[in-house]
Amino acid sequence: MDYDYKLKCSNKRVKVEDVYEFEGCKVGRGTYGHVYKAKPKAGTEEKDDEAKEYALKLIEGAGISMSACREIALLRELKHPNVITLNKVFLSHADRKVWLLLNFSEHDLWHIIKFHRNAKATSKPVDVAKGMVKSLLYQILDGIHYLHANWVLHRDLKPANILVMGEGPERGRAKVADMGFARLFNNPLKSLADMDPVVVTFWYRAPELLLGARHYTKAIDIWAIGCIFAELLTSEPIFHCRQEDIKTSNPYHHDQLDRIFNVMGYPQERDWEDIRKMPEFQALQKDFTKNNYVGSSLGKYMDKHKIKSDTKAFQLLQRLLTMDPNKRLTSSKAMEDPYFQEDPKPCADVFEGGPIPYPRREFLSDEDNEDKSSSKSATGGANSTHGPPVKRGRVVPPSTSSGTMNNYQKHHHQMTSMGMHSKSGSNQYTFN
Ligand code: 0SV
(Lines give C-alpha, C1' and ligand atoms only; values in the text may rest on other atoms or scores of the structure.)
Protein backbone atom coordinates (compact mmCIF):
# COMPACT_ATOMS: atom_id res chain seq x y z
CA MET A 1 0.00 0.00 0.00
CA ASP A 2 1.08 3.57 -0.71
CA TYR A 3 3.13 4.67 2.33
CA ASP A 4 1.90 8.28 2.29
CA TYR A 5 -1.71 7.16 2.08
CA LYS A 6 -1.16 4.76 4.98
CA LEU A 7 0.38 7.56 7.03
CA LYS A 8 -2.51 9.91 6.18
CA CYS A 9 -5.06 7.29 7.28
CA SER A 10 -3.11 6.59 10.44
CA ASN A 11 -2.98 10.30 11.34
CA LYS A 12 -6.73 10.62 10.77
CA ARG A 13 -7.61 7.54 12.80
CA VAL A 14 -8.98 8.29 16.26
CA LYS A 15 -7.02 6.51 18.96
CA VAL A 16 -8.95 5.14 21.91
CA GLU A 17 -6.49 6.63 24.43
CA ASP A 18 -6.89 10.10 22.88
CA VAL A 19 -10.64 10.21 23.44
CA TYR A 20 -11.21 8.09 26.55
CA GLU A 21 -9.72 8.21 30.01
CA PHE A 22 -9.31 4.72 31.44
CA GLU A 23 -5.83 4.45 32.91
CA GLY A 24 -5.91 2.59 36.23
CA CYS A 25 -9.59 1.82 35.77
CA LYS A 26 -9.51 -1.91 35.00
CA VAL A 27 -12.69 -3.56 36.26
CA GLY A 28 -12.45 -7.02 34.74
CA ARG A 29 -9.99 -9.53 33.49
CA GLY A 30 -10.39 -12.95 31.97
CA THR A 31 -9.44 -15.14 29.07
CA TYR A 32 -11.65 -12.85 26.97
CA GLY A 33 -9.41 -9.83 27.59
CA HIS A 34 -9.56 -6.82 29.89
CA VAL A 35 -12.41 -4.47 30.67
CA TYR A 36 -11.89 -0.85 31.77
CA LYS A 37 -14.27 1.78 33.01
CA ALA A 38 -13.83 4.76 30.69
CA LYS A 39 -14.92 8.40 30.45
CA PRO A 40 -14.72 10.64 27.40
CA LYS A 41 -11.78 13.06 27.68
CA ALA A 42 -12.58 16.73 27.99
CA GLY A 43 -12.08 18.64 24.75
CA THR A 44 -12.87 15.67 22.49
CA GLU A 45 -15.86 15.22 20.17
CA GLU A 46 -17.29 12.91 22.81
CA LYS A 47 -17.29 15.79 25.34
CA ASP A 48 -21.11 16.12 25.22
CA ASP A 49 -21.12 12.73 26.79
CA GLU A 50 -18.68 13.61 29.54
CA ALA A 51 -21.08 12.48 32.23
CA LYS A 52 -21.56 9.13 30.55
CA GLU A 53 -19.54 6.13 31.63
CA TYR A 54 -18.40 3.45 29.25
CA ALA A 55 -16.77 0.08 29.37
CA LEU A 56 -13.81 -0.51 27.11
CA LYS A 57 -13.10 -4.13 26.36
CA LEU A 58 -9.60 -4.85 25.10
CA ILE A 59 -9.92 -8.12 23.24
CA GLU A 60 -7.31 -10.73 24.12
CA GLY A 61 -4.78 -11.48 21.39
CA ALA A 62 -3.67 -9.52 18.38
CA GLY A 63 -5.60 -8.48 15.34
CA ILE A 64 -9.13 -9.30 14.33
CA SER A 65 -9.26 -12.93 15.44
CA MET A 66 -12.19 -15.22 14.70
CA SER A 67 -13.71 -14.53 18.11
CA ALA A 68 -13.19 -10.75 17.85
CA CYS A 69 -14.85 -10.86 14.46
CA ARG A 70 -17.75 -12.91 15.79
CA GLU A 71 -18.30 -10.63 18.77
CA ILE A 72 -18.21 -7.46 16.67
CA ALA A 73 -20.39 -8.90 13.90
CA LEU A 74 -22.94 -10.12 16.43
CA LEU A 75 -23.11 -7.03 18.64
CA ARG A 76 -23.28 -4.66 15.66
CA GLU A 77 -26.51 -6.30 14.55
CA LEU A 78 -28.23 -6.35 17.91
CA LYS A 79 -30.20 -3.51 19.43
CA HIS A 80 -32.41 -4.11 22.43
CA PRO A 81 -32.62 -2.36 25.83
CA ASN A 82 -31.92 -5.65 27.62
CA VAL A 83 -28.92 -6.68 25.53
CA ILE A 84 -25.48 -5.12 25.91
CA THR A 85 -24.90 -2.21 23.51
CA LEU A 86 -21.80 -1.91 21.35
CA ASN A 87 -21.15 1.78 20.61
CA LYS A 88 -17.91 1.73 18.68
CA VAL A 89 -14.91 -0.37 17.70
CA PHE A 90 -11.38 1.04 17.87
CA LEU A 91 -8.59 -0.66 15.95
CA SER A 92 -5.17 0.19 17.24
CA HIS A 93 -2.84 -0.48 14.33
CA ALA A 94 0.42 0.06 16.20
CA ASP A 95 -0.12 -2.87 18.58
CA ARG A 96 -2.85 -4.68 16.57
CA LYS A 97 -5.29 -4.35 19.44
CA VAL A 98 -9.08 -4.33 19.13
CA TRP A 99 -11.15 -2.27 21.59
CA LEU A 100 -14.91 -2.41 22.02
CA LEU A 101 -16.72 0.58 23.48
CA LEU A 102 -19.79 -0.54 25.44
CA ASN A 103 -22.12 1.10 27.93
CA PHE A 104 -20.75 0.71 31.44
CA SER A 105 -22.77 -1.30 33.92
CA GLU A 106 -21.99 -0.82 37.61
CA HIS A 107 -23.50 -4.10 38.75
CA ASP A 108 -24.09 -7.68 37.73
CA LEU A 109 -26.13 -10.50 39.20
CA TRP A 110 -23.07 -12.40 40.40
CA HIS A 111 -22.10 -9.51 42.67
CA ILE A 112 -25.69 -8.69 43.62
CA ILE A 113 -26.44 -12.27 44.68
CA LYS A 114 -23.11 -12.48 46.51
CA PHE A 115 -24.04 -9.31 48.43
CA HIS A 116 -27.36 -10.84 49.48
CA ARG A 117 -25.72 -14.13 50.44
CA ASN A 118 -23.27 -12.31 52.69
CA ALA A 119 -26.07 -10.24 54.18
CA LYS A 120 -28.03 -13.44 54.85
CA ALA A 121 -24.99 -15.10 56.46
CA THR A 122 -24.46 -12.12 58.76
CA SER A 123 -28.21 -11.62 59.36
CA LYS A 124 -28.03 -8.05 58.08
CA PRO A 125 -31.20 -6.74 56.48
CA VAL A 126 -31.03 -5.42 52.92
CA ASP A 127 -33.51 -2.88 51.70
CA VAL A 128 -34.52 -3.66 48.11
CA ALA A 129 -37.45 -2.95 45.84
CA LYS A 130 -40.43 -5.25 46.31
CA GLY A 131 -40.57 -6.38 42.71
CA MET A 132 -36.85 -6.51 42.05
CA VAL A 133 -36.61 -10.23 41.24
CA LYS A 134 -39.70 -10.04 39.05
CA SER A 135 -38.32 -7.05 37.13
CA LEU A 136 -34.94 -8.75 36.71
CA LEU A 137 -36.52 -11.97 35.45
CA TYR A 138 -38.82 -10.10 33.07
CA GLN A 139 -35.95 -8.12 31.58
CA ILE A 140 -33.73 -11.17 31.22
CA LEU A 141 -36.58 -12.94 29.40
CA ASP A 142 -37.11 -9.87 27.20
CA GLY A 143 -33.43 -9.77 26.23
CA ILE A 144 -33.34 -13.51 25.57
CA HIS A 145 -36.61 -13.36 23.64
CA TYR A 146 -35.02 -10.77 21.35
CA LEU A 147 -31.91 -12.92 20.89
CA HIS A 148 -33.94 -16.08 20.27
CA ALA A 149 -36.22 -14.26 17.80
CA ASN A 150 -33.02 -13.44 15.90
CA TRP A 151 -31.74 -16.99 16.25
CA VAL A 152 -28.94 -16.05 18.60
CA LEU A 153 -28.49 -18.62 21.34
CA HIS A 154 -26.65 -17.41 24.41
CA ARG A 155 -25.24 -20.79 25.55
CA ASP A 156 -23.72 -19.52 28.78
CA LEU A 157 -26.36 -17.73 30.79
CA LYS A 158 -25.35 -17.33 34.42
CA PRO A 159 -25.48 -14.48 36.96
CA ALA A 160 -22.10 -13.04 35.91
CA ASN A 161 -23.45 -12.52 32.39
CA ILE A 162 -26.43 -10.43 33.52
CA LEU A 163 -25.35 -6.83 33.94
CA VAL A 164 -27.40 -4.25 35.82
CA MET A 165 -27.01 -0.55 35.11
CA GLY A 166 -26.25 1.80 38.00
CA GLU A 167 -27.12 5.52 38.31
CA GLY A 168 -27.73 7.22 34.96
CA PRO A 169 -30.23 7.22 32.10
CA GLU A 170 -30.60 3.44 32.12
CA ARG A 171 -30.70 3.09 35.93
CA GLY A 172 -31.73 -0.36 37.11
CA ARG A 173 -31.91 -1.94 33.67
CA ALA A 174 -30.72 -5.52 33.23
CA LYS A 175 -28.67 -6.35 30.17
CA VAL A 176 -27.71 -9.74 28.83
CA ALA A 177 -24.00 -9.88 28.03
CA ASP A 178 -21.39 -12.56 27.58
CA MET A 179 -17.97 -12.29 29.10
CA GLY A 180 -16.91 -14.75 26.42
CA PHE A 181 -15.60 -17.79 28.24
CA ALA A 182 -18.23 -20.13 26.85
CA ARG A 183 -16.86 -19.74 23.37
CA LEU A 184 -13.87 -21.71 24.51
CA PHE A 185 -15.43 -24.28 26.74
CA ASN A 186 -19.12 -24.66 26.10
CA ASN A 187 -19.25 -26.11 22.65
CA PRO A 188 -20.59 -29.60 23.30
CA LEU A 189 -18.72 -30.95 20.30
CA LYS A 190 -15.42 -29.29 21.07
CA SER A 191 -12.75 -31.43 22.65
CA LEU A 192 -11.53 -30.21 25.98
CA ALA A 193 -9.00 -33.00 26.25
CA ASP A 194 -6.01 -31.03 25.08
CA MET A 195 -6.69 -27.93 27.15
CA ASP A 196 -5.38 -27.06 30.57
CA PRO A 197 -7.77 -28.21 33.22
CA VAL A 198 -10.01 -25.28 33.90
CA VAL A 199 -12.52 -25.00 36.69
CA VAL A 200 -15.90 -24.69 35.07
CA THR A 201 -19.31 -24.64 36.60
CA PHE A 202 -22.11 -26.82 35.30
CA TRP A 203 -24.66 -25.33 37.70
CA TYR A 204 -26.63 -23.66 34.91
CA ARG A 205 -26.37 -26.55 32.44
CA ALA A 206 -29.60 -28.16 31.33
CA PRO A 207 -29.98 -31.90 31.98
CA GLU A 208 -30.06 -32.69 28.24
CA LEU A 209 -26.60 -31.10 27.84
CA LEU A 210 -25.28 -33.21 30.71
CA LEU A 211 -26.79 -36.25 28.95
CA GLY A 212 -24.90 -35.51 25.76
CA ALA A 213 -27.22 -33.30 23.65
CA ARG A 214 -25.35 -32.53 20.43
CA HIS A 215 -26.69 -29.03 19.87
CA TYR A 216 -27.49 -25.94 21.84
CA THR A 217 -31.13 -24.94 21.78
CA LYS A 218 -33.33 -22.10 23.01
CA ALA A 219 -34.59 -24.50 25.71
CA ILE A 220 -31.04 -24.77 27.10
CA ASP A 221 -30.99 -20.98 27.65
CA ILE A 222 -34.41 -21.19 29.34
CA TRP A 223 -33.17 -23.79 31.83
CA ALA A 224 -30.32 -21.44 32.76
CA ILE A 225 -32.83 -18.61 33.26
CA GLY A 226 -34.79 -20.90 35.59
CA CYS A 227 -31.58 -21.52 37.58
CA ILE A 228 -30.93 -17.77 37.81
CA PHE A 229 -34.53 -17.14 38.91
CA ALA A 230 -34.23 -19.73 41.69
CA GLU A 231 -30.94 -18.17 42.77
CA LEU A 232 -32.50 -14.71 42.89
CA LEU A 233 -35.31 -16.04 45.07
CA THR A 234 -33.07 -17.89 47.53
CA SER A 235 -29.56 -16.39 47.11
CA GLU A 236 -28.26 -19.95 46.66
CA PRO A 237 -27.30 -21.57 43.34
CA ILE A 238 -30.06 -24.16 43.04
CA PHE A 239 -27.88 -26.81 41.40
CA HIS A 240 -24.74 -26.02 43.34
CA CYS A 241 -22.22 -28.78 42.82
CA ARG A 242 -18.55 -29.32 43.56
CA GLN A 243 -16.47 -27.63 40.88
CA GLU A 244 -14.78 -29.93 38.45
CA ASP A 245 -11.48 -29.71 36.64
CA ILE A 246 -12.53 -30.65 33.16
CA LYS A 247 -9.96 -32.59 31.30
CA THR A 248 -12.17 -34.54 28.95
CA SER A 249 -14.64 -33.70 26.26
CA ASN A 250 -17.27 -35.85 27.94
CA PRO A 251 -20.46 -33.83 28.51
CA TYR A 252 -21.74 -36.37 31.06
CA HIS A 253 -21.25 -35.05 34.58
CA HIS A 254 -22.46 -37.50 37.16
CA ASP A 255 -22.27 -35.20 40.19
CA GLN A 256 -24.11 -32.39 38.45
CA LEU A 257 -26.92 -34.74 37.37
CA ASP A 258 -27.04 -36.15 40.90
CA ARG A 259 -27.49 -32.62 42.25
CA ILE A 260 -30.30 -31.89 39.78
CA PHE A 261 -32.10 -35.12 40.73
CA ASN A 262 -31.60 -34.41 44.43
CA VAL A 263 -33.50 -31.16 43.98
CA MET A 264 -36.00 -32.10 41.26
CA GLY A 265 -36.45 -35.83 41.73
CA TYR A 266 -35.44 -38.46 39.17
CA PRO A 267 -37.14 -37.79 35.80
CA GLN A 268 -40.10 -40.08 35.18
CA GLU A 269 -40.17 -41.57 31.66
CA ARG A 270 -43.73 -40.29 31.19
CA ASP A 271 -42.51 -36.76 31.94
CA TRP A 272 -39.53 -36.95 29.56
CA GLU A 273 -40.26 -39.64 26.98
CA ASP A 274 -37.27 -38.85 24.77
CA ILE A 275 -34.78 -39.20 27.60
CA ARG A 276 -34.06 -42.71 26.32
CA LYS A 277 -32.81 -41.18 23.06
CA MET A 278 -30.13 -39.14 24.86
CA PRO A 279 -26.57 -40.22 23.99
CA GLU A 280 -25.70 -40.80 27.65
CA PHE A 281 -28.92 -42.59 28.60
CA GLN A 282 -27.11 -45.89 29.15
CA ALA A 283 -24.60 -44.27 31.49
CA LEU A 284 -27.52 -42.71 33.34
CA GLN A 285 -29.21 -46.09 33.79
CA LYS A 286 -25.98 -47.72 34.88
CA ASP A 287 -24.94 -45.03 37.41
CA PHE A 288 -28.20 -43.89 38.98
CA THR A 289 -30.79 -45.55 41.18
CA LYS A 290 -34.22 -43.94 40.88
CA ASN A 291 -35.13 -44.87 44.42
CA ASN A 292 -32.38 -42.63 45.82
CA TYR A 293 -34.42 -39.61 44.74
CA VAL A 294 -37.85 -40.63 45.96
CA GLY A 295 -39.24 -37.76 47.98
CA SER A 296 -37.17 -35.10 46.21
CA SER A 297 -39.08 -32.35 44.44
CA LEU A 298 -38.66 -28.73 43.45
CA GLY A 299 -41.61 -27.94 45.72
CA LYS A 300 -39.81 -29.37 48.75
CA TYR A 301 -36.56 -27.63 47.89
CA MET A 302 -38.19 -24.22 47.47
CA ASP A 303 -40.34 -24.73 50.54
CA LYS A 304 -37.13 -25.13 52.56
CA HIS A 305 -36.22 -21.71 51.22
CA LYS A 306 -39.59 -20.28 52.28
CA ILE A 307 -41.02 -20.16 48.75
CA LYS A 308 -44.42 -21.81 48.80
CA SER A 309 -45.60 -23.95 45.88
CA ASP A 310 -48.94 -22.11 45.64
CA THR A 311 -47.21 -18.87 44.63
CA LYS A 312 -47.07 -17.62 41.05
CA ALA A 313 -43.29 -17.32 41.34
CA PHE A 314 -42.94 -21.02 42.18
CA GLN A 315 -45.31 -22.06 39.40
CA LEU A 316 -43.34 -20.11 36.81
CA LEU A 317 -40.06 -21.48 38.16
CA GLN A 318 -41.39 -25.02 37.75
CA ARG A 319 -42.34 -24.35 34.13
CA LEU A 320 -38.88 -22.94 33.41
CA LEU A 321 -37.11 -25.83 35.16
CA THR A 322 -38.94 -28.54 33.24
CA MET A 323 -36.67 -31.53 32.63
CA ASP A 324 -38.02 -32.33 29.16
CA PRO A 325 -36.66 -29.59 26.88
CA ASN A 326 -39.64 -30.01 24.54
CA LYS A 327 -42.04 -29.19 27.37
CA ARG A 328 -40.00 -26.33 28.81
CA LEU A 329 -41.49 -22.85 28.51
CA THR A 330 -40.36 -20.52 25.72
CA SER A 331 -39.28 -16.97 26.52
CA SER A 332 -42.47 -15.49 25.03
CA LYS A 333 -44.73 -17.86 26.98
CA ALA A 334 -42.76 -17.10 30.14
CA MET A 335 -43.29 -13.36 29.64
CA GLU A 336 -47.05 -13.95 29.46
CA ASP A 337 -47.04 -15.87 32.75
CA PRO A 338 -49.54 -14.79 35.46
CA TYR A 339 -46.56 -14.04 37.75
CA PHE A 340 -45.96 -10.88 35.72
CA GLN A 341 -49.63 -9.86 35.80
CA GLU A 342 -49.73 -10.01 39.57
CA ASP A 343 -48.66 -6.99 41.68
CA PRO A 344 -45.98 -5.79 42.06
CA LYS A 345 -45.68 -5.44 38.29
CA PRO A 346 -42.23 -5.58 36.67
CA CYS A 347 -40.50 -2.19 36.41
CA ALA A 348 -37.97 -0.71 33.97
CA ASP A 349 -35.77 0.29 36.91
CA VAL A 350 -35.35 -2.91 38.91
CA PHE A 351 -34.50 -0.74 41.95
CA GLU A 352 -37.83 1.10 41.49
CA GLY A 353 -36.23 4.48 42.21
CA GLY A 354 -34.99 3.36 45.60
CA PRO A 355 -31.40 3.35 46.81
CA ILE A 356 -28.92 0.92 45.29
CA PRO A 357 -27.35 -0.94 48.21
CA TYR A 358 -24.64 -2.71 46.21
CA PRO A 359 -21.04 -1.52 46.12
CA ARG A 360 -19.63 -0.10 42.93
CA ARG A 361 -17.23 -2.15 40.86
CA GLU A 362 -13.73 -2.32 42.26
CA PHE A 363 -10.76 -1.24 40.19
CA LEU A 364 -8.20 -3.99 39.84
CA SER A 365 -4.70 -3.25 41.06
CA ASP A 366 -1.64 -3.78 38.85
CA GLU A 367 -0.92 -6.93 40.80
CA ASP A 368 -4.25 -8.30 39.60
CA ASN A 369 -3.32 -7.47 36.06
CA GLU A 370 -0.55 -10.01 36.15
CA ASP A 371 -2.37 -12.50 38.37
CA LYS A 372 -2.73 -15.72 36.48
CA SER A 373 -2.92 -17.99 39.51
CA SER A 374 -5.94 -20.26 39.67
CA SER A 375 -7.59 -19.98 43.02
CA LYS A 376 -10.43 -22.45 43.17
CA SER A 377 -12.45 -20.99 45.96
CA ALA A 378 -16.17 -21.52 46.13
CA THR A 379 -16.70 -17.92 45.15
CA GLY A 380 -14.80 -18.36 41.92
CA GLY A 381 -11.14 -18.76 41.20
CA ALA A 382 -9.19 -16.81 38.65
CA ASN A 383 -9.94 -19.46 36.06
CA SER A 384 -13.42 -20.24 37.18
CA THR A 385 -16.12 -19.45 34.68
CA HIS A 386 -19.13 -19.06 36.91
CA GLY A 387 -18.25 -15.66 38.26
CA PRO A 388 -15.72 -12.93 38.31
CA PRO A 389 -12.28 -13.92 39.57
CA VAL A 390 -11.20 -13.30 43.14
CA LYS A 391 -9.89 -9.77 43.09
CA ARG A 392 -7.68 -7.80 45.36
CA GLY A 393 -8.92 -4.46 44.36
CA ARG A 394 -9.24 -1.00 45.70
CA VAL A 395 -12.66 -0.71 47.26
CA VAL A 396 -14.79 2.10 45.93
CA PRO A 397 -17.47 3.30 48.33
CA PRO A 398 -21.01 2.03 47.70
CA SER A 399 -22.80 3.92 44.95
CA THR A 400 -24.73 6.85 46.20
CA SER A 401 -28.40 6.23 46.36
CA SER A 402 -30.83 8.50 44.64
CA GLY A 403 -31.10 10.36 47.93
CA THR A 404 -33.80 10.16 50.52
CA MET A 405 -36.83 8.15 49.61
CA ASN A 406 -40.16 9.75 48.99
CA ASN A 407 -43.40 8.14 50.16
CA TYR A 408 -43.95 6.41 46.86
CA GLN A 409 -40.54 4.84 47.07
CA LYS A 410 -41.00 3.94 50.72
CA HIS A 411 -44.17 2.14 49.73
CA HIS A 412 -42.16 0.05 47.33
CA HIS A 413 -39.36 -0.73 49.72
CA GLN A 414 -39.08 -2.76 52.81
CA MET A 415 -36.72 -5.04 54.57
CA THR A 416 -37.21 -7.91 52.23
CA SER A 417 -35.64 -10.62 50.16
CA MET A 418 -35.16 -9.72 46.56
CA GLY A 419 -38.13 -11.67 45.46
CA MET A 420 -40.80 -13.33 47.46
CA HIS A 421 -43.25 -11.31 49.41
CA SER A 422 -45.59 -12.99 51.72
CA LYS A 423 -48.66 -10.93 52.60
CA SER A 424 -47.02 -9.90 55.82
CA GLY A 425 -44.05 -8.74 53.80
CA SER A 426 -41.70 -10.88 55.86
CA ASN A 427 -38.90 -12.59 54.06
CA GLN A 428 -36.72 -13.26 56.97
CA TYR A 429 -35.09 -16.30 55.41
CA THR A 430 -33.24 -14.50 52.70
CA PHE A 431 -32.01 -11.16 53.86
CA ASN A 432 -33.48 -10.15 57.13
O1 0SV B 1 -21.15 -9.03 26.13
C2 0SV B 1 -20.22 -9.08 25.36
N3 0SV B 1 -19.13 -8.32 25.51
C4 0SV B 1 -18.98 -7.38 26.59
C5 0SV B 1 -18.27 -7.96 27.78
C6 0SV B 1 -17.79 -6.92 28.72
C7 0SV B 1 -18.88 -6.13 29.37
C8 0SV B 1 -18.36 -5.23 30.44
O9 0SV B 1 -19.30 -4.31 30.86
N10 0SV B 1 -20.21 -9.89 24.27
C11 0SV B 1 -21.25 -10.69 23.87
N12 0SV B 1 -21.10 -11.81 23.11
N13 0SV B 1 -22.28 -12.36 22.88
C14 0SV B 1 -23.21 -11.59 23.46
C15 0SV B 1 -24.70 -11.87 23.41
C16 0SV B 1 -25.30 -11.06 22.30
C17 0SV B 1 -24.95 -13.33 23.16
C18 0SV B 1 -25.36 -11.47 24.71
C19 0SV B 1 -22.60 -10.52 24.10
C20 0SV B 1 -19.89 -12.39 22.66
C21 0SV B 1 -18.80 -12.50 23.49
C22 0SV B 1 -17.63 -13.06 23.01
C23 0SV B 1 -17.57 -13.55 21.74
C24 0SV B 1 -16.30 -14.17 21.25
C25 0SV B 1 -18.68 -13.46 20.91
C26 0SV B 1 -19.85 -12.89 21.37
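Use the structure listed above.
What you are looking at is a predicted structure, and each value in this text was computed from that prediction instead of being measured.

Topic: the pattern of salt bridges
Counted under the stated rule, the structure contains 20 salt bridges. For Glu 208, the salt bridge identified is with Arg 328, shortest N-O distance 2.8 Å. Remark: Arg 328 occurs in the loop between helix 12 (312–320) and helix 13 (331–335) and Glu 208 occurs in helix 7 (residues 207–210); sequence separation between them is 120 residues. Residues Glu 208 and Arg 328 agree in their burial class; the two are buried. A salt bridge links Lys 308 to Asp 303; its shortest N-O distance comes to 2.9 Å. For Lys 308, a relative accessible area of 42% corresponds to the partly exposed category. Linked by salt bridges that have partners in common, Lys 37, Glu 53 and Glu 106 make up one network.

Focus on the pairing of strand 4 (residues 54–59)
Burial runs high along strand 4: 6 of the 6 residues are buried. Taking every second residue as pointing to the same face, both faces of strand 4 are buried, with Tyr 54, Leu 56 and Leu 58 on one and Ala 55, Lys 57 and Ile 59 on the other. Sheet topology note: the strand 3 (residues 33–40)/strand 4 ladder contains 6 bridges and is antiparallel. Opposite Lys 37, over in strand 4, you have Ala 55 as the bridge partner. Judged from the 5 bridges that link them, strand 4 and strand 6 (residues 97–103) form a sheet pairing that is antiparallel. Counterpart to Ala 55 in the pairing with strand 6 is Leu 102.

Comments concerning the sheet that holds strand 10 (residues 174–176)
With antiparallel pairing, the 3 strands of this open sheet are ordered in space as 7-9-10. Of all strands in the sheet, those bounded by a partner on one side alone are strand 7 (107–108) and strand 10. Taken together, the 2 bridges between strand 7 and strand 9 (residues 162–164) define a ladder with antiparallel strand orientation. Pairing of Asp 108 across the sheet is with Leu 163, part of strand 9. Sheet strands touched by helix 5 (residues 132–149): strand 9 and strand 10. Its angle to strand 10, the strand with the most contacts, is close to 35 degrees.

Here's the deal with the packing of helix 8 (residues 218–234) against helix 12
Where helix 8 meets helix 12, the closest approach of the two axes is 8 Å, and the angle between their N-to-C directions is 150 degrees. Taken together, the axes of helix 8 and helix 12 lie roughly antiparallel to each other. Note on packing geometry: the crossing formed by helix 8 with helix 12 is left-handed. Counted together, Ile 222, Trp 223, Gly 226, Phe 229 and Ala 230 of helix 8 and Ala 313, Leu 316, Leu 317 and Leu 320 of helix 12 form the full contact between these two elements. In terms of residue class, the contact of helix 8 with helix 12 is made up of 8 nonpolar, 1 polar and no charged.

What counts, and at which threshold
- Residues numbered from 1 in each chain as written.
- Predicted model: local features only at pLDDT ≥ 70, side-chain atom pairs only at ≥ 80, totals over all residues.
- Heavy atoms only, no water.
- Salt bridge = Lys/Arg side-chain N within 4 Å of Asp/Glu carboxyl O.
- Helix = DSSP H or I, 4+ residues; strand = E, 2+ residues; numbered from the N terminus.
- Buried < 20%, exposed > 50% of the residue type's maximum accessible area, 1.4 Å probe, protein only.
- Pairing = 2+ DSSP bridges.
- Contact = heavy atoms within 4.5 Å.
- Axes fitted to C-alpha atoms, helices over the stretch in contact; angles between N-to-C directions.
- Parallel < 35°, antiparallel > 145°, perpendicular 65-115°, else oblique.
- Left-handed = near helix turned anticlockwise from the far one by under 90°.
- Nonpolar A, V, L, I, M, F, W, Y, C, P; charged D, E, K, R; others polar.

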